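# Chain and residue survey
These are the residues of each chain, in order.
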Amino acid sequence: MVLYSGPNCGPCKRLKPMLDKVLDEYGDDVHFVEIDIEKDSEIAQAAGISGTPCVQVFKNKERIEVMNGVKMKSVYREVIDKAAGKVPAR
């Protein structure tokens, strides 16, 4: 899972702690990377990022989901479950 964010992005600051809580439920089953689009603009441009926050989910190096903006926790869980084929630990 990749989160593209920017230092002046208000929604990004709300999303990161929420994603952290969701990802904690999955332990080491989900690899998470955060990319600052200002520091790593080349990466963001290559990924086609036009706004933040943007979350991309990959499985076997293939992008399977793109979510722009802030979603409810349940949406992130559903996408992770679909990609991992697992139910989150409770």
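A brief structural summary. Going along each chain's sequence as written, the residues are numbered from 1 onward. This being a predicted model, a pLDDT of at least 70 is required before a residue's local features are given, and a value of 80 or more before pairs of side-chain atoms are given or counted; all residues contribute to the totals for chains, interfaces and linings. Note that water and hydrogens are dropped before the side-chain values are worked out from all heavy atoms of the structure.

## Quick notes on the nonpolar core
Soluble globular proteins tend to pack their nonpolar side chains together in the buried interior. Note the cut-off: What is meant by a nonpolar core is a set of buried Ala, Val, Leu, Ile, Met, Phe, Trp, Tyr and Cys residues, joined one to another through side-chain atoms within 4.5 Å. Using a 1.4 Å probe on the protein chains alone, a residue whose accessible area is under 20% of its type maximum counts as buried, one over 50% counts as exposed, and one in between counts as partly exposed. A run of H or I in DSSP counts as a helix once it spans at least four residues, and a run of E counts as a strand once it spans at least two, with each numbered from the N terminus. By the convention used here, residues are in contact when the closest approach between their heavy atoms is within 4.5 Å.
By size, the foremost hydrophobic cluster in this structure holds 16 residues, and its most contacted members are M1, L15, L19, V55, V57, Y76 and I80. Of all the secondary structure elements, the ones that give two or more residues to this core are helix 1 (10-24), strand 3 (54-59) and helix 3 (73-84). Considering each element in turn, this core owes the most residues, 5 residues, to helix 1. Setting aside chain neighbours within four positions, we find V57 in contact with M1, E62, R63, I64, E65, M67, V79 and A83. By size, the runner-up hydrophobic cluster in this structure holds 7 residues, among which are V2, Y4, I35 and A47.

## Here's the deal with the sheet that holds strand 1 (residues 2-5)
This is how the line gets drawn: A strand pair is defined by DSSP finding two or more bridges across the two strands. Every angle, taken between N-to-C directions, lies between 0 and 180 degrees, and every axis is a line fitted to C-alpha atoms, over only the stretch in contact when it is a helix.
Taken in spatial order, the 4 strands make up an open sheet running 2-1-3-4, and their pairing is mixed. Of all strands in the sheet, those bounded by a partner on one side alone are strand 2 (33-36) and strand 4 (62-68). Sheet twist, expressed as the average angle between the axes of neighbouring strands with direction ignored, equals 20 degrees. Bridge analysis of strand 3 against strand 4 gives 6 bridges, and the strand direction is antiparallel. Counted as the bridge partner of F58 is R63 from strand 4. Sheet strands touched by helix 1: strand 1, strand 2 and strand 3. Its angle to strand 1, the strand with the most contacts, is close to 160 degrees.

## Points about helix 1
Put simply, the rule reads: Take the residue count of a helix, subtract one, and multiply by 1.5 Å to get its expected span.
A rise of 1.5 Å per residue sets the reference length of helix 1, with its 15 residues, at 21 Å; its end C-alpha atoms lie 22 Å apart and thus fit the reference within 8%. Along helix 1, the residues classified as buried are C12, L15, M18, L19, V22 and L23. In this structure, the buried side of helix 1 is in contact with strand 1, strand 3 and helix 3.

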